[in-house]
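The lines below spell out each chain.
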Amino acid sequence: MDKKKIIGQAEQRWDAIAKVKGQASYTGDFPIRNLLHAKILRATIAHGYVKHYDITEAEKMPGVVKVVLPEDIPATPYATAGHPWNLTPEKRDIEDRNMLTRHVRVYGDDIAAIIAKTEFQAQKALAKIKVDYDVYPVYLTPEAAMAPDAKQIHEGHDNVLGRSKVGYGDVEQGFNEADFIVKRHLSTPVQQHLHLENQIAVAYQSDDQRWFCLSSTQIPHICRRIIAQANGLPWSQVRVKKPFIGGGFGNKQDVIIEPLTVALSRLMGGKPVQLALTREESIAYTRTRHAIDFDFKIGVMKDGRMTAIDCDVVSNQGGYASHGHAVGGKGGTFINALYRADNLRFTAKTVYTNIGTAGAMRGYGMPQLVYALECAIDDVATQIGMDPIQFRQLNHQPDGYYNQFGKTKQRDFRIEDCLVKGREAFNWDQKLAQAQQKTTSTKKYGVGMAAFAFGTAVWPFGLEVAGAHLIALPDGTFKLHIGATEIGQGADTALSQMAADTLGVSFEAIIRDSMTDTDTDPFDTGAYASRQSYVGGYAVKAAAEKMKQKLIERAATTYDIRPEFLDIVANQVVYATDGDLVVTVKDLVMASYYDLATAKALETHASVNIHNNSYASGCSLAEVEVDVATGQVTLLSLMNVHDSGKIINPLLASGQVEGAMAMSAAYGLNEGLVYSAEGRPLNNNMLDYKLPTMMDLPDLDKVFVETVDPLGPYGNKALGETPTCSPAPAIRNAVKNAIGVEIGKIPLTPEVVYQAYHQAQATVEGGIADV
Amino acid sequence: MKQLVNFTLNGETVSCEVDVRKSLLEMLREDFGMTGVKEGCGVGECGACSVIIDGQTVDSCIYLAVWIDGKQATTIEGVTHEDGTLDPIQASFIDAGAVQCGFCIPGMILSSKQLLAHNPSPTRGEIRRELSGNMCRCTGYQKIVDAVQLAAKRLDVEPHARAAIPFTIEK
Ligand code: FES
Ligand code: FES
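Just so it is clear, the structure is predicted and the values come from calculations on it, not from any experiment.

## Some points on the overall build of chain A
Now for step 1: When its secondary structure is counted, chain A shows 20 helices and 31 strands.
Now for step 2: Taking 2.2 N^0.38 as the reference for a compact globule, 771 residues should give roughly 28 Å; the C-alpha atoms of chain A span a radius of gyration of 27 Å, in line with that estimate.
Now for step 3: When its C-alpha atoms are laid out on the principal axes, chain A stretches across 90 × 75 × 45 Å.
Now for step 4: Taken across its 771 residues, chain A has 64% of its residues classed as buried.
Now for step 5: A total accessible area of about 27000 Å² is found for chain A, and carbon and sulfur atoms account for 51% of it.
Now for step 6: The centroid of the 76 positive side-chain charges in chain A is displaced by 3 Å from the centroid of its 88 negative side-chain charges.

Pasting the structure below:
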């Protein structure tokens, strides 16, 4: 009897109906009686100290219940990064912040709060608090913060908060052997997540006298721990629930507002308090993607073989450590994942400054690294006059490469297939030739590409655990509890497909929940690192295998058939050999509830700790038109090719890829948060921060080089973040192909492109334009 | 100061004593429980709060509640049929895979409904132009454009034949 395949099918996401009906409840949609509202007073300087607050007028404002100063709530320093707790103290995230602070390290820092009857009243009262500051010098760049006379942003801590170095061979030796050496300085902007739902949390004391927090978080279990740490509570005394969430992209992998929300409710004797950020606050005062500067030096032989790669990285952390050096340092272990060179050196540092705090954002340092690496690599190919795809084919790591930094053999590593497939599917050769023909004196056309390699989850650098729990329901359906967090990406649907596939029941027989609850859902560290369908997949598989075994044992006993003769197919227990029906799953489970003699609930649990990693890869190909009279770049087409193992749900997968491609295309072309000389954010709204609209993007093409990963639980590996890696550099390389200028920074706004082009026209040598 | 407003909400005649400073978004969410109306920015930039007022899509966050007096408003809750079944546009969003986090979706569906009401067979370019006031961070918009095209095709036939029109991508 043929098993209906559920893995690989475009099953409808289980939550789609609620979402198209407007029935899906997000954190702000729950009715809560007697809700108080809090607003945060934001510093209007970027670096300094609050000497004095005058709250007399604010306290008299209508509706104000309490004005809260830093001294009113616990001041234990804590870390906000959504990493698992580390038992080794030296390896923990830097605990460098308080819920409210007099020490101002970023513009908009949380210096006080107001609790009022309505949000509007709280907002109005904020304006009445008078603040006296000591003002310190503002450092916007790592360079400024590393100057010998620079003040320590965190007293007692060097402004360089992390350094690392990896490599092998001898790069100097490699450069000596090289026929050519290419040096490039490449820089990336501050990108913001712009999830459509702003951060919001509600906290109160629940009837069991514990502290309850409803929050839009990607990491409920970690959120619970950080709330407890910041508030000095035992971890068990905090319960976090996460309902539907309107996107996160890594920003909600930082525990930003929840500790304060709980602290405010505690000040109010446990009354419910809601803290909801505005769009302006969410863009400027939560987290961003680190702006990182790269200095690449690459040695290459005339035949295209690379002899040495040297990369020096400086990452701008902003005012607080958050994910810290984990982001800037990450790239070091991925250059070698993609390219061969006998000699490699990667040095990185992460530096505190006074711009907005950077944290996790989709791709976690990889979009920055891949942008810089792929610009540099492409310029090397240009230097020796080799086709860029061919150059990468010549230099990429082979399938089965043992990555010594990642302590992993890159099994089923299909970059070669991606490059071959990309050339063909994109019509690279034809488009390249046409680009030259179409070019006029004002309109230039070009094509470009970029490649990447990416790990799945964080092993061996961090903890990888996940849990799943299955309960058989009387009608033969199964309730699936997981700690993995659905944040819009579709993890819930993919994990349900996995459970159904292993159990031998239909997709509809798996019931999920919109709510993740730290009290009842098994431990999982949450949604990040493209880990959920991989690590979570093993947990679901284990729980489903156990459940299947229980069902078969029960059927074997009841019907007196040896268990090894049985299988479950299409919601029926059958003879494995010929599919003859033994009993339906429904009847079998019903008996497990109500049979007088044998009833015994069917439940299984699984918790896994995963010690392997599967490397994904892929490439992007882009075609652009550049209007050299204005500098405007129009993206004509963009294709991503992905080696992500087995595609669990092609509809969801292509949706993930499209959203990520859009995010990366905009990273290359429009997006960037900018600051005044005083450190004040200048474009923290959706008009001036150029989130792409529907008109700014072409249709996005994607191809999967589908294989079955030998390690992944269902042959799958990373996909959630991988498509954000290579579009931006592919676009930059296409612009280079069009106008013949190697621009060293993104976004490629009309101003940047115009200046770079005209500057290059004016300079005889050309070379990289540093604008 | 409060003012009495009378209007039609999703086909039902309703009234409310509303603070004159309140936005329509706030009134719909707080006084009528229409939580399908989402706030993404509160200042008319993102379109998450879109509602239809007398045949026009409006950002309800920058529309004063008192202005609704005497008018007809449709929210996402009013798009779903009385019996709980889905409108063809809603079904098309699901079938085309246009829904991810879902936060922009109510606004997208209302804008799509309005678009299709005056342009029953829009090109992809027209869809992109008409819906450009609705932002989405999850989808890259492609499947939303697909969904609107699919809905247009389905609305073009008799209701009983709609389900038979499958999702295929045309560009
Ligand atoms: S919430 Fe109204 S336009 Fe954004
Ligand atoms: S689906 Fe998440 S913002 Fe559109």
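## Re the sheet that holds strand E28 (residues 632-643) of chain A
Through backbone hydrogen bonds, the strands of a sheet pair up, either in parallel or in antiparallel fashion.
Residues and elements named next belong to chain A.
Now for step 1: Strand order in the open sheet formed by four strands is E18-E27-E28-E29, and the pairing between neighbours is mixed. Edge positions in the open sheet fall to strand E18 (443-454) and strand E29 (700-704), since each of these has one partner strand only. Taken pair by pair, the neighbouring strands of this sheet meet at an average axis angle of 15°, ignoring direction.
Now for step 2: The pairing of E18 with strand E27 (residues 616-627) spans twelve bridges and is antiparallel.

## Let's talk about the layout of surface pockets
Now for step 1: For the second largest pocket, the calculated volume is near 1600 Å³.
Now for step 2: Considering the residues around the second largest pocket, the lining is formed by 49 residues, among which His37(A), Glu119(A), Glu26(B), Glu30(B) and Glu39(B) are closest to the centre.
Now for step 3: Looking at the lining of the second largest pocket, the elements that each hand over two or more residues are strand E1 (36-42), helix H3 (119-126) and strand E12 (273-276) of chain A together with strand E2 (12-19) and helix H1 (24-31) of chain B.
Now for step 4: Looking at side-chain class alone, the lining of the second largest pocket contains 17 nonpolar, 14 polar and 18 charged residues.

## Things to note about the UniProt feature "domain: Aldehyde oxidase/xanthine dehydrogenase a/b hammerhead" (unreviewed entry) in chain A
Now for step 1: As recorded in UniProt, the feature "domain: Aldehyde oxidase/xanthine dehydrogenase a/b hammerhead" (unreviewed entry) lies at residues 21-137 of chain A.
Now for step 2: The straight-line gap between the two end C-alpha atoms of residues 21-137 of chain A is 52 Å; of that span, 12% is helix and 29% is strand.

## Considerations on the interface of chain B and chain A
Now for step 1: Across the boundary between the two partners, chain B contributes 51 residues, which contact 53 residues of chain A.
Now for step 2: Between chain B and chain A, a total of about 4000 Å² is buried, with carbon and sulfur atoms accounting for 59% of that surface.
Now for step 3: Linking chain B with chain A are six salt bridges, by the criterion used here.
Now for step 4: The partner of Asp29(A) in a salt bridge is Arg29(B), and the shortest N-O contact between them spans 2.6 Å.
Now for step 5: A breakdown of the residues in the side of chain B that touches chain A according to their chemical character gives 25 nonpolar, 13 polar and 13 charged.

## Observations regarding the domain arrangement of chain A
How big an interface is tends to be stated in terms of accessible area lost as the parts join.
All names here are of chain A.
Now for step 1: If you check the domain split of chain A, you get domain 1 (35-136 + 199-276), domain 2 (364-454 + 614-769) and domain 3 (460-609).
Now for step 2: In this complex, domain 2 contributes 19 residues to the contact, which on the side of domain 3 involves 17 residues.
Now for step 3: Taken over both partners, the interface formed by domain 2 and domain 3 buries close to 1400 Å², and the fraction arising from carbon and sulfur atoms is 56%.
Now for step 4: Of all residues in domain 2, the largest losses of buried area upon contact with domain 3 belong to Ile648, Pro713 and Tyr714, amounting jointly to 42% of the total for that side.

## A word on empty space enclosed by the protein
All names here are of chain A.
Now for step 1: Tallied over the entire structure, the rule returns six cavities of 30 Å³ or more.
Now for step 2: Its boundaries defined by the atoms lining it, the largest cavity holds a volume of some 140 Å³.
Now for step 3: What lines the largest cavity is a set of 18 residues, among which Arg97, Asp109, Asp110, Tyr285 and Arg287 lie closest to the centre.
Now for step 4: Looking at the lining of the largest cavity, its residues break down into nine nonpolar, five polar and four charged.

## Things to note about the packing of aromatic side chains
Now for step 1: Following the criterion strictly, the structure yields 14 aromatic pairs over all chains and no others.
Now for step 2: Arranged with centres 6.0 Å apart and planes meeting at 45°, the rings of Tyr26(A) and Phe244(A) form a pair that is tilted. Note that Tyr26(A) is positioned in the loop between helix H1 (16-21) and E1 and Phe244(A) in the loop between strand E11 (238-242) and helix H7 (258-267), a separation of 218 residues in sequence.
Now for step 3: Judged by its relative accessible area of 2%, Tyr26(A) is buried.
Now for step 4: Through a chain of ring-to-ring contacts, three or more aromatic side chains come together here, namely Trp14(A), Tyr26(A), Phe244(A) and Phe103(B).
Now for step 5: A cation sits over an aromatic face here: Lys151(A) above Tyr136(A), 4.3 Å from the ring centre.
Now for step 6: Between the NZ or CZ atom of Arg266(A) and the centre of the ring of Trp211(A), over which it lies, the distance is 5.9 Å.

## Some thoughts on the domain arrangement of chain B
Residue and element names in this part refer to chain B.
Now for step 1: What the domain assignment reports for chain B is domain 1 (2-78) and domain 2 (88-162).
Now for step 2: Of note, the centres of domain 1 and domain 2, computed from C-alpha atoms alone, are 22 Å apart.
Now for step 3: Here domain 1 packs against domain 2, burying approximately 1100 Å² in sum over the two surfaces, 64% of which is carbon and sulfur.
Now for step 4: For domain 1, the biggest contributors to the area lost against domain 2 are Lys38, Ile52 and Ile76; these three give 39% of the whole.
Now for step 5: Inspection of the region where domain 1 meets domain 2 yields zero salt bridges.
Now for step 6: For the pair domain 1 and domain 2, the number of links is four residue pairs in polar contact (both at pLDDT 80 or more).
Now for step 7: For the side of domain 1 that touches domain 2, the elements supplying multiple residues, two or more each, are strand E3 (50-53) and strand E4 (56-59).

## Quick look at the sheet that holds E2(B)
All names here are of chain B.
Now for step 1: With mixed pairing, the five strands of this open sheet are ordered in space as E2-E1-E5-E3-E4. With one partner strand each, in any of the chains shown, E2 and E4 form the two edges of the open sheet. For this sheet, the mean inter-axis angle between neighbouring strands, taken without regard to orientation, is 40°.
Now for step 2: Relative to E4, E3 is paired through four bridges, and the arrangement is antiparallel. Of the residues in E4, the one forming a bridge with Ile53 is Gln56.
Now for step 3: Packed on one face of the sheet, helix H3 (residues 105-118) meets E3, E4 and strand E5 (72-74) and runs near 35° to E3.

## Some details on helix H15 (residues 491-503) of chain A
All names here are of chain A.
Now for step 1: Its 13 residues place the ends of H15 18 Å apart at the C-alpha level, agreeing with the 18 Å of an ideal helix rising 1.5 Å per residue.
Now for step 2: The buried count for H15 comes to twelve of 13 residues, which makes it a mostly enclosed element.
Now for step 3: Looking at the buried positions of H15, the neighbouring elements they touch are strand E19 (465-472), strand E20 (478-482), strand E21 (510-511), helix H16 (532-559), strand E23 (566-569) and helix H18 (650-669).

Conventions and cut-offs
Residues numbered from 1 in each chain as written. Chains lettered and ligands numbered in written order. Predicted model: local features only at pLDDT ≥ 70, side-chain atom pairs only at ≥ 80, totals over all residues. Heavy atoms only, no water. Helix = DSSP H or I, 4+ residues; strand = E, 2+ residues; numbered from the N terminus. Rg over C-alpha atoms; globule rule 2.2 N^0.38 Å. Buried < 20%, exposed > 50% of the residue type's maximum accessible area, 1.4 Å probe, protein only. Areas by Shrake-Rupley, 256 points an atom, 1.4 Å probe, with all protein chains shown as cover. Lys, Arg positive; Asp, Glu negative; His and termini not counted. Charge placed at Lys NZ, Arg CZ, Asp CG, Glu CD. Pairing = 2+ DSSP bridges. Axes fitted to C-alpha atoms, helices over the stretch in contact; angles between N-to-C directions. 1 Å grid on protein atoms, 1.4 Å probe; cavity = no way out; pocket = protein on both sides within 12 Å on 5 of 7 lines; lining within 4 Å. Points joined across faces, edges and corners; volume = space filled by probe spheres on them. Nonpolar A, V, L, I, M, F, W, Y, C, P; charged D, E, K, R; others polar. UniProt positions renumbered as here; feature names shortened; annotations may be inferred. Contact = heavy atoms within 4.5 Å. Buried area = accessible area lost by both parts, 1.4 Å probe. Salt bridge = Lys/Arg side-chain N within 4 Å of Asp/Glu carboxyl O. Domains from an automatic or database assignment. Phe/Tyr/Trp six-rings, centres within 6.5 Å; stacked < 30°, edge-to-face > 60°. Lys NZ or Arg CZ within 6 Å of the ring centre and 35° of its normal. Polar contact = N/O pair within 3.5 Å; in protein donor to acceptor, adjacent residues only side chain to side chain. Expected span 1.5 Å × (residues − 1).

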